[in-house]
Structures are given as structure tokens and as C-alpha cells.
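# Observations on the three-dimensional arrangement
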Amino acid sequence: MASRFVWYELMTTDTASARLFYGSVVGWGTRDASQPGMTYTLFTVGESPVAGLMDLPEQARQMGSPPSWLGYISVADVDAAAAKTARLGGAVHVQPADIPQVGRFAVVSDPQKCVITLFSPLPMPSPPQDPAPGTPGYVGWHELCATDWQKAFEFYAAMFGWQKGEPVDMGEMGIYQLFTTAGGSMPIGGMFNKPPSMPMPFWLFYFNVDDIDAALTRVQSGGGKLLNGPMQVPGGDWIVQCLDPQGAMFALLGKRA
């Protein structure tokens, strides 16, 4: 199986508020999936889990880490992938460990200090089918705001076999490089050089919604902030980039009514 994003996790300072906010904005339901010593909530579309919610760990708070979304990328062997990350100039922050009855994971960062999670799920009797593109509630796009996207792409290509799609010329903003999974035909995201105002590189995840304007109204009435947009993107969809009430950045992707 090609390495790709398979899970998304919000680590935040107020999980109760975040549950209500994203339930309203994206339309997610919730389900408890706590384990001994850790409270964990699943965000769901119907019966299907699509993302997770947990408290920002105390160690991260003490280091000044803000609430944020974290992406999990599937690999065949977490231990080997973590070692490879280090060889390629990245860092391992949480050593490979098992999540009981779920799989094995490690938290790492790329050479530009952008954090991701390596993940190898336990075999499932009937793996979930991928939803149709644009299905509300699922992640529709993955965007890397990098210090140097060319070097970032070299890392992700070496790690996961990702391939370049079309480059998009954004004028003063430079090149926006689309990418696909190994052997994939459809782009799943893009990489570009972040503006100097962004303090550090990060992955930004775009959640599909039915109506971008209605969703933006829910963001603002729920205490979130609009950072950018609405802006039309190739293909005709519209995007907005936002902060949730606790300060985690996220984005929405959808049509205009």
C-alpha cells in the first residue's frame, strides 16, 4: 500500500469546546475511544471515524507548543521508517510504540522541523473504502507550508515515494508544487514556501464542506477566526483558512451555493 495520510489528530487545550466547534463547522459526530490513562475522542462521519481529538500533552504545553492538527502517514514498518527519518536529516520525537488494538506509531519531524506521525495500523478484516472526492467531513487536501519546498519534497519523496504533479505559478508567492502518492494519478496536496510571517513550517489540512460560505459563518459564530479567503482554486472549489477558538489552524474546501 502506498504511503499516504490516513489519520488526523487535533491536540488542544479545551477538548470540550473543540468537540462542539468542529461538530458545528464540519458536521462531525463524536465517539469515545479512550484508553487507560488517556482520554481520546473520535470525530466521525456517520459511523466512520475520520479524525481524533485529545488534550495537548503537558510536555508540549511546557515547551510552548500551541494547539495544532497532526497528520499520520502510513508506512509498512514504523521502526524502519523512524530510523530512515533520522538518516535523512529529520528527528524522532516519540520513539516507535504500540497503540493497543490500533497499531504502531512514532512522532517525527522532517529536516525543516515540520512534525508528522508515522503509523502502521493493525490488519483490519474489512478496511474502510475511500470516500468519493469532495465528500463532506473528510480531508480533501494536504498542504505543506515549507521553508524550502524543493528540499522538503526531496525528503518526502525519499521517505514515502511521493511524486511531483503539476507546478502552479503563484506569481510573487512562487511555485505551488502539487504531489501524488507513489504511483498515484490524482494530486493529494501541494507544497510551497511559506511567507516570512509564518513562524515555522507546518502541514495544513483542508476539510470538505457542502457550502463554503455557510461553513465560514459557522466558524465565525463559533469563535473561530478567518485568516484567508474565501478564495477560488483550480477546479472551481473555494477555500478558507482559519483558526479555531483555541488557536489551531485548519482550512475548509467546498462549493459556493
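Up top is the structure.
Heads up: these notes are all about the structure in this document. (Residues numbered from 1 in each chain as written. Predicted model: local features only at pLDDT ≥ 70, side-chain atom pairs only at ≥ 80, totals over all residues. Heavy atoms only, no water.)

### Here's the deal with the packing of helix H1 (residues 15-26) against helix H5 (residues 212-221)
It is the contact of H1 with H5, at a shortest axis distance of 8 Å, that shows an interaxial angle of 160°. Viewed along their axes, H1 and H5 adopt a mutual orientation that is roughly antiparallel. For the pair H1 and H5, the sense of crossing is right-handed. Mapping the contact onto sequence places Phe 21, Ser 24 and Val 25 in H1 and Ala 215, Arg 218 and Val 219 in H5. Considered class by class, the residues forming the contact of H1 with H5 number four nonpolar, one polar and one charged. (Axes fitted to C-alpha atoms, helices over the stretch in contact; angles between N-to-C directions. Helix = DSSP H or I, 4+ residues; strand = E, 2+ residues; numbered from the N terminus. Parallel < 35°, antiparallel > 145°, perpendicular 65-115°, else oblique. Left-handed = near helix turned anticlockwise from the far one by under 90°. Contact = heavy atoms within 4.5 Å. Nonpolar A, V, L, I, M, F, W, Y, C, P; charged D, E, K, R; others polar.)

### As for the sheet that holds strand S14 (residues 225-232)
Hydrogen bonds between backbone groups are what pair the strands of a sheet, and the pairing can be parallel or antiparallel. Overall, mixed pairing links the eight strands, which are arranged S10-S11-S12-S9-S13-S16-S15-S14 in an open sheet. Both edges of this open sheet fall to strand S10 (163-169) and S14, since each of them pairs with a single strand only. If you compare each strand with its neighbour and ignore which way they point, the axes differ by 25° on average. Docked against the sheet, H1 engages strand S13 (202-211) and strand S16 (249-255), running at close to 20° with respect to S16. (Pairing = 2+ DSSP bridges.)

### Some points on the environment of Met 198
On the secondary structure map, Met 198 appears in the loop between strand S12 (189-193) and S13. In this structure Met 198 comes out as buried when scored by relative accessible area, which is 18%. In sequence terms Met 198 and His 93 are 105 residues apart; their C-alpha atoms lie 22 Å from each other. (Buried < 20%, exposed > 50% of the residue type's maximum accessible area, 1.4 Å probe, protein only.)

### Some thoughts on the nonpolar core
Among soluble globular proteins, nonpolar side chains are generally buried collectively. Judged by nonpolar contacts, the single largest core of 51 residues is most densely connected at Tyr 22, Trp 69, Tyr 156, Trp 203, Phe 207, Phe 250 and Leu 252. In terms of residues, this core owes the most to one element, helix H4 (residues 149-160), which gives seven residues. (Core = buried A, V, L, I, M, F, W, Y, C linked by side-chain atoms within 4.5 Å.)

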